[in-house]
Amino acid sequence: MQWRSLVLGLLLLRLGLQALLALLPALAPGLCLRRRFPFPFPPPPAAPAGSSHWGSLLRRGGGDGGATGGDEYEQRYSGAFPPQLRARLRDAARGMFVFGYDSYMRHAFPRDELDPLHCRGRGPDHDPSNLNINDVLGNYSLTLIDALDTLAVMGNSSEFQKAVKLVIDTVSFDKDSTVQVFEATIRVLGSLLSAHIIITDTKQPFGDMTIKDYDNELLHMAHDLAVRLLPAFENTKTGIPYPRVNLKKGVPPDSNNETCTAGAGSLLVEFGILSRLLGDSTFEWVARRAVKALWNLRSNNTGLLGNVVNIQTGHWVGKQSGLGAGSDSFYEYLLKSYILFGEKEDLDMFNDAYRNIQNHLRRGREACNEGEGDPPLYVNVNMFTGQLMNTWIDSLQAFFPGLQVLIGDVEDAICLHAFYYAIWKRYGALPERYNWQLQAPDVPFYPLRPELVESTYLLYQATKNPFYLHVGMDILQSLEKYTKAKCGYATLHHVVEKTKEDRMESFFLSETCKYLYLLFDEENPLHKSGNKYMFTTEGHIVSVDERFRNSLWQDILPGEEDSAEKIKPNELKAVNFSSNCNRVPDERRYLLPLKSNYMRQIDRMVGLI
């Protein structure tokens, strides 16, 4: 009996130690226990086969929840994706867009946004402190404008033509509205230019999207809006624009002198297209001057930029360097400006920035799919020292795997994407800010953002691995289950509690629905066009062609003609720049894009298993 007592005692001791280890993460803050940087999780043990958790996920994802034997990740993800299922999901994504768009037109137009819970429209409320609303809403039918090219991509020529005529006939920018220059540029200016390019395309790949008696009205409207945004670039000592402008009166007298890097440095694509379509260098010149001003303020020590700067002094008010809010699209547009305009200096800046990001922001093992150590993750650091500033990342950073696809860094993109997908699997959405050390949301709302869908789409186009179709199916089902409302789709106020807010942002129709639809629409004309199209940061499609290769801005930047080396479209070999970059070396093709043991490690990293 003594040996039985001894065995029982050892068993109880082991259970007690396991319980204590399980409680340590919760007790750590109170006990002032510090976890080893960068990640607070142990090496991954083998998960039990047929775990009930994954059984439920398989059933929710439409897979074979009753399958037994083998690895549960391979059971769920590695099988063929039936064409019939893909077609149904394509139709479901289109139905999601149609429901949101029709609800907006029925209940909200001509106001800017739809309140999907109360079935009504909303516009600016003119409360200067309510920047979350008034930075975006300008009293110019924002959602309709932002959705124009999605209608074309989905092949709905009749509604596209109707919507364009509505915009031409009813929208004016002569408004006493103070808007954020960045938001007005990417959502409104970019969409007007995209729709104009679609209408005037002689090949008409999406069907007949021409407008009878069209006289470049959308281009004229884009010009009018851009002229109203130009005062933001005046009376600034650095050349970095003011963050906000009144469309009728110019920069407000009490305007803030502080702006974020992404807001000031992500105007070049839209302003450059406008300049080259009009033959007027003004718009590209002011946007390019802002990019160079920000670039020249980077740290001499790390080469990094901060996230908030004073436009008069050039002093960094926010010293955080990361890939999320305040910084994200600055890096995106360095690369995409090069893709579109072929200016080598844009690529040089991007390459330097990417190298510094890898050196200072990336943590974890060197390779994604091999080796020991923690999974790779990009963290927020001090721009001058490279030291960790906090332990959270935000949902906007989920765009970065898609950007890595465009430069051919597919393996690293696979790993980072898996981290954000693991968070999505845990909550059925991406919290606006997630604390990877606490394994919990810091800011728990989800405003229907598209970044994870965008990266999923681009990774599928790069690898053709059906894993990403499964990811898209998960996202689509979560949106239907948790965000669908009486008259559209609603922001999640809390990703854990699944409570809703009465707002459907315009990017849900312009980006989230578009990327989901394209993910499942294998035969879309966009996928048959080779390297012709590029997506803006708001998901608007623009053609990559010779007419955007003629520089206009050197004539007012003396001495730069010799330094601005031009790259022709057929010489773009340094980057894999198409939205359908589907050539990946054979050695990067896996049964799953990420080996099961590493997928399991990432899932454990976010507390999913």
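Residues numbered from 1 in each chain as written. Predicted model: local features only at pLDDT ≥ 70, side-chain atom pairs only at ≥ 80, totals over all residues. Heavy atoms only, no water.

Looking at an unreviewed UniProt entry, one finds the protein chain named alpha-1,2-Mannosidase, with Cepphus grylle as its source organism. In the Subcellular location (unreviewed entry) part of its UniProt record, the protein chain is described as follows: "Endoplasmic reticulum membrane". Taken verbatim from the UniProt record of the protein chain, the Cofactor (unreviewed entry) comment is "Ca(2+)". (UniProt positions renumbered as here; feature names shortened; annotations may be inferred.)

## Some thoughts on the environment of Glu432
Tracing the sequence through the fold places Glu432 in the loop between helix H17 (410-427) and strand S13 (433-435). On the accessibility criterion, Glu432 (14% relative accessible area) is buried. Remark: the alpha-carbon pair of Glu432 and Tyr446, spanning 14 residues in sequence, is separated by 5.7 Å. (Helix = DSSP H or I, 4+ residues; strand = E, 2+ residues; numbered from the N terminus. Buried < 20%, exposed > 50% of the residue type's maximum accessible area, 1.4 Å probe, protein only.)

## Notes on the side chain of His540
Tracing the chain through its elements places His540 in the loop between strand S19 (533-535) and strand S20 (541-543). One polar contact links His540 to Asp146, side chain to side chain, over a distance of 2.8 Å. Among residues more than four places away in sequence, those in contact with His540 are Asp146, Asp149, Ile186, Arg187, Gly190, Ser191, Ser194, Ser510, Lys514, Met534 and Phe535. (Polar contact = N/O pair within 3.5 Å; in protein donor to acceptor, adjacent residues only side chain to side chain. Contact = heavy atoms within 4.5 Å.)

## What to know about the sheet that holds strand S5 (residues 258-260)
Spatial strand order, S5-S6-S7: three strands in an open sheet with antiparallel pairing. With partners counted over all chains shown, the strands left at the sheet margins are S5 and strand S7 (316-318), one partner each. Going across the sheet, the axis of each strand differs from the next one's by a mean of 35 degrees, ignoring polarity. Both S5 and strand S6 (residues 308-310) contribute to a ladder of three bridges, which runs antiparallel. Across the sheet, Cys260 pairs through a bridge with Val308, a residue of S6. (Pairing = 2+ DSSP bridges. Axes fitted to C-alpha atoms, helices over the stretch in contact; angles between N-to-C directions.)

## Concerning the nonpolar core
In terms of nonpolar packing, the biggest core is built from 176 residues, with Phe160 and Phe419 touching the most fellow members. Residues within four places of Phe419 in sequence aside, it is in contact with Leu377, Ile393, Tyr434, Trp436, Ile602, Met605 and Val606. (Core = buried A, V, L, I, M, F, W, Y, C linked by side-chain atoms within 4.5 Å.)

## Topic: the packing of helix H14 (residues 328-341) against helix H15 (residues 344-360)
Any two packed helices are characterised by the angle at which their axes cross and by the distance between the axes. Remark: H14 packs on H15, axes separated minimally by 8 Å, with the N-to-C direction vectors making an angle of 145 degrees. The hand of the H14/H15 crossing is left-handed. In this structure, H14 uses Tyr331, Leu334, Leu335, Ser337 and Tyr338 to contact H15, whose residues at the interface are Lys344, Asp346, Leu347, Met349, Phe350, Ala353 and Ile357. Of the residues contributing to the contact of H14 with H15, the split by class is nine nonpolar, one polar and two charged. (Left-handed = near helix turned anticlockwise from the far one by under 90°. Nonpolar A, V, L, I, M, F, W, Y, C, P; charged D, E, K, R; others polar.)

## Some points on the state of the cysteines
Across all of its chains, the model carries one disulfide by this definition. Between Cys119 and Cys487 runs a disulfide, and the two sulfur atoms are separated by 1.8 Å. Handedness of the Cys119-Cys487 disulfide follows from its S-S torsion of about 80 degrees: it is right-handed. Here the residue Cys119 occupies a position in the loop between strand S1 (113-115) and strand S2 (120-122), and Cys487 occupies one in the loop between strand S15 (484-485) and strand S16 (488-489), the gap between them amounting to 368 residues. On the accessibility criterion, Cys119 (16% relative accessible area) is buried. Assessed through its relative accessible area of 5%, Cys487 is described here as buried. (Disulfide = S-S within 2.5 Å.)

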